[in-house]
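# Summary of structural features
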Amino acid sequence: MADCLPTLLLMHSCMFAILGAFLYLVWREDREAAEYRWWCAAQFAISAGVALLSLRGSYPLLAIGLGNALTLWGIGLVWGGARVFSGRPVDLRLALAGGVIWLLFFSLSVDSVRIVDRCAISAVYAFLLADEFASLRRRRTWTQQATIALAAAHAVFGAFIAALVVLSMARGGAFDPRPFVFAVSLEGLGYGVLLGFALLAVTKESAVERQKSMAATDPLTGLSNRRSFDQNADSVIRNSRDQGDSALLIFDLDRLKAINDSFGHSMGDRALTTFGEVAAKSIRNEDFLARIGGDEFALLLTRVDSVRAVAVAERIRSAYGAAAAALGDGLASVSVGIALSGHETPDLSALKEEADKALYVAKSGGRNQVFVAQR
């Protein structure tokens with residue numbers, strides 16, 4: 001059983017190196033995902049550590065000391081990458097503390113102490129990793145849940161082996177470390193490979209979600225774009241129909257072209273971003289705001305009547321006027337057209353048509369005003 005361990009370790013060292021290289025190539029294609037760098041470095045550190053551990057028979061001090069330290073540094077870097085993935089700061093000292101503690105205090109200890117402490121340090125990092133993914137504020141996917149379960153199982157296994165070693169020592173007699181070393185090595189290698197693939201799946205899944213979000217977001221204002229609005233607003237109207245009327249508000253920034261021509265497009269961009277910020281602060285969480293054109297924004301309100309819809313529109317209009325007073329020598333203002341859903345207006349396209357007509361009336365009537373579509 002122990003004779004095949006060096007070969008098994010070398011095979012897994014190659015596997016970790018391949019995973020590290022693959023993560024590096026993926027990071028080259030997606031530089032925004034900083035966690036790739038951490039997890040790539042982790043795989044290479046673990047690969048080097050496992051390769052050294054395979055030399056335990058020939059160079060025991062080097063293999064046991066530096067080999068275990070490298071694998072623990074790799075495990076710490078995995079946790080550091082999880083912190084980056086969740087948008088939290090990383091203390092590099094804590095990420096590397098496990099390997100440092102091993103080198104300073106346990107690398108020259110007796111076998112029983114080394115096994116207990118190696119398992120304990122690895123279990124702590126596994127618990128921290130599971131806790132990091134479990135505390136994500138965003139909705140957890142099945143790959144993240146699988147990663148949590150994998151890390152938790154590894155932590156439990158480490159605690160179990162450490163307890164077995166302590167019980168074995170408590171009974172007295174000669175201690176044979178070989179079955180424990182083999183079990184820890186085999187489980188650790190399996191855990192490392194599975195974790196590498198799990199982290200790769202998590203990052204690719206995150207990249208896909210990020211690309212979907214970018215495709216549905218206006219890059220200037222950070223609001224939803226027309227595509228996202230058209231895809232989601234119709235279903236929002238249908239789902240909320242039993243809870244009351246919905247209202248579609250179309251906002252058109254007055255004289256934006258004149259601002260661009262006279263003061264430059266940077267001033268026009270400031271007018272657009274200022275409106276997006278003002279409008280976003282003036283609505284509820286369930287309301288749906290989007291930029292649907294060059295100078296047009298749409299806001300879908302649910303469970304409202306005409307009085308409430310007009311009040312929201314007027315609040316946004318006046319707030320934008322105050323915030324944009326210095327933009328374009330006071331040219332910046334906004335006109336609003338409102339249409340309310342009902343039995344005669346069953347879908348988004350009909351609401352858009354009515355709101356556009358109301359907006360035309362508001363613009364032709366002198367701009368900087370709110371008009372509600374009449375039936």
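Look above for the structure.
Residues numbered from 1 in each chain as written. Predicted model: local features only at pLDDT ≥ 70, side-chain atom pairs only at ≥ 80, totals over all residues. Heavy atoms only, no water.

Before going further, it helps to spend a moment on the pattern of salt bridges. Scanning the entire structure with this criterion turns up 13 salt bridges. Here Asp-252 makes a salt bridge to Lys-363, at a shortest N to O gap of 2.6 Å. Of this pair, Asp-252 sits in strand 1 (residues 246-254) while Lys-363 sits in helix 12 (residues 348-364); the two residues are 111 residues apart in sequence, bridging distant segments of the chain. Accessibility expressed as a relative area gives 9% for Asp-252, which makes it buried. Lys-363 sits in the partly exposed class, given a relative accessible area of 23%. Several salt bridges share partner residues, and in doing so they unite Arg-284, Glu-286, Asp-287 and Arg-303 into one network. (Salt bridge = Lys/Arg side-chain N within 4 Å of Asp/Glu carboxyl O. Helix = DSSP H or I, 4+ residues; strand = E, 2+ residues; numbered from the N terminus. Buried < 20%, exposed > 50% of the residue type's maximum accessible area, 1.4 Å probe, protein only.)

For the rest of this paragraph, the subject is the pairing of strand 2 (residues 288-291). The alternating pattern of strand 2 places Phe-288 and Ala-290 on one face and Leu-289 and Arg-291 on the opposite face, and all of these are buried. Bridging between strand 2 and strand 3 (residues 296-302) involves four bridges; their strand directions are antiparallel. The partner of Arg-291 across the bridge, within strand 3, is Phe-297. Hairpin geometry of strand 2 and strand 3 is characterised by an intervening segment of four residues between the two adjacent antiparallel strands. (Pairing = 2+ DSSP bridges.)

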